[in-house]
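Below are the chains, spelled out letter by letter.
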Amino acid sequence: MHQPLLIFTDLDGSLLDHHSYSYAPAIPTLQQLEKLKVPIIPTTSKTYEELLCLRKELNNQHPFIVENGAAIYVPKGYFQTAPPKHHLVSSYEKDEFDCYVFSKCRETWQSLLQHLSRFFPDEFITFAQLGPSGIQSSTGLSSADAEKANSREFSEPLIWKSTEQRKQAFIAMLIESGANVLQGGRFLNVTGNCDKGQALKWLSEYYKKEKKNDELISIAAGDSQNDVAMLDAADKAIIIRSPVAPSPLIRNPNKYQTQATGPEGWTEGIKYFTNLRSESTTTHTPDLYSKR
Ligand SMILES: [Mg+2]
């Protein structure tokens, strides 16, 4: 590995197994990357509350991107320079993080969906309407995890219950009203004019500015439609094979489609784009992140 890397990774179905949410098969590779000080940046539809627990479990000290690119949380003091200003809707401090926001708040999208329910009665059900128990039964999450999943700040997921044709009409009305609509593995996600790709570009720019290094290479790993913008925005794209859906089509020519699914596929993809093989092949990599 001769060039400094940033790794942006989707979680569900990518670093985490689609069914069991386990990341165990990726642990040795995660540990090797941590030793090399390569930032692993979770880039997910999950919420801040969900990520707080997960990054602790993963022992991850790096920034993370939540709610499909609606906000980026950066540990305070991680960067010494000022952030890029473009695309920012707001920024503030929250707990031990600086939070950079690229969407209007969740209530904005809830009001819009309430308004549209008059035109699409009984054709969709939102996260707020499902409540923690409904979220639990549609995701298989525990009760506590369903609560965290519902603690959204900038977006409203929903389950579409009607036809594909009606869905397209619904999406068109949402877009006309200023929303951005992303299809995830299970949910349609309504948020502002942001996505994982824009968040990847913004944060990569911040790293390049901070490290005074334009040579930083971004690798993105994802498995579904809501990862397309991120996979196209990255220098190198890893498409993790999904056990339940066809792989998303992307434009990025510098791509690798994995054979394995979930965390095994994640490891396969990272190894394809790096020279990570064993501990002995990585010991001479220069320390490019010596500040941390
Ligand atoms: Mg996914």
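Structure: see above.
Note that the coordinates shown come from a computational prediction; the quantities given were computed from them, not determined experimentally.

(A) Region of the structure containing the overall build of the chain. Looking only at helices and strands, one finds 9 helices and 13 strands in the chain. Whereas a compact globule of 292 residues would reach a radius of gyration of roughly 19 Å, the chain reaches 19 Å, a difference of no more than 12%. Taken along the three principal axes of its C-alpha coordinates, the chain extends 60 × 40 × 35 Å. The buried share among the 292 residues of the chain stands at 53%. Taking the intrachain contacts of the chain between residues at least 6 apart in sequence as the baseline, contacts between residues at least 24 apart amount to 61%. For the chain, the accessible area works out to roughly 13,200 Å², and carbon and sulfur atoms hold 51% of it. Separation of charge centres in the chain, based on 31 positive and 34 negative side chains, amounts to 3 Å.

(B) Spotlight on the sheet that holds strand β9 (residues 180-183). Here we have 4 strands laid out as an open sheet, ordered β7-β8-β10-β9, and antiparallel in their pairing. The outermost strands of the open sheet, each flanked by one partner alone, are β7 (124-126) and β9. Across the sheet, the axes of successive neighbouring strands diverge by a mean angle of 30°, strand direction being ignored. With 4 bridges joining them, β9 and strand β10 (residues 188-191) adopt antiparallel strand pairing. Bridging from a neighbouring strand, Leu182 pairs with Asn189 of β10. Strands in contact with helix α4 (residues 127-139) are β7 and β8 (156-160); relative to β7, the strand with the most contacts, it is inclined by about 90°.

(C) Summary view of the side chain of Ser155. Note on placement: Ser155 falls in the loop between α5 (143-149) and β8. One polar contact links Ser155 to Glu67, side chain to side chain, over a distance of 2.7 Å. Not counting chain neighbours up to four residues away, the residues in contact with Ser155 comprise Glu67, Arg106, Trp109, Asn189, Val190 and Thr191.

(D) Geometry of the coordination of the magnesium ion. Summarising the metal site, the magnesium ion is bound by the protein donors Asp10 (OD), Asp12 (O) and Asp223 (OD), whose distances to it range over 2.2 Å. Judged by relative accessible area, which is 4%, Asp10 ranks as buried.

(E) Inspection of the nonpolar core at higher detail. The biggest cluster of nonpolar side chains holds 61 residues, and the ones touching the most others in it are Tyr73, Leu203 and Trp266. If you tally residues by element for this core, the top one is helix α7 (residues 196-211), at 6 residues. Once residues lying within four places of it in the same chain are set aside, the contact partners of Tyr73 are Tyr48, Pro63, Phe64, Val66, Tyr92, Lys94, Phe97, Asp98, Cys99, Glu153 and Phe154. By size, the runner-up hydrophobic cluster in this structure holds 15 residues, among which are Leu116, Phe124, Leu188 and Val190.

The rules we used
Residues numbered from 1 in each chain as written. Predicted model: local features only at pLDDT ≥ 70, side-chain atom pairs only at ≥ 80, totals over all residues. Heavy atoms only, no water. Helix = DSSP H or I, 4+ residues; strand = E, 2+ residues; numbered from the N terminus. Rg over C-alpha atoms; globule rule 2.2 N^0.38 Å. Buried < 20%, exposed > 50% of the residue type's maximum accessible area, 1.4 Å probe, protein only. Contact = heavy atoms within 4.5 Å. Areas by Shrake-Rupley, 256 points an atom, 1.4 Å probe, with all protein chains shown as cover. Lys, Arg positive; Asp, Glu negative; His and termini not counted. Charge placed at Lys NZ, Arg CZ, Asp CG, Glu CD. Pairing = 2+ DSSP bridges. Axes fitted to C-alpha atoms, helices over the stretch in contact; angles between N-to-C directions. Polar contact = N/O pair within 3.5 Å; in protein donor to acceptor, adjacent residues only side chain to side chain. Donors = N, O, S within 2.8 Å, 3.2 Å for Na, K, Ca; no water. Core = buried A, V, L, I, M, F, W, Y, C linked by side-chain atoms within 4.5 Å.

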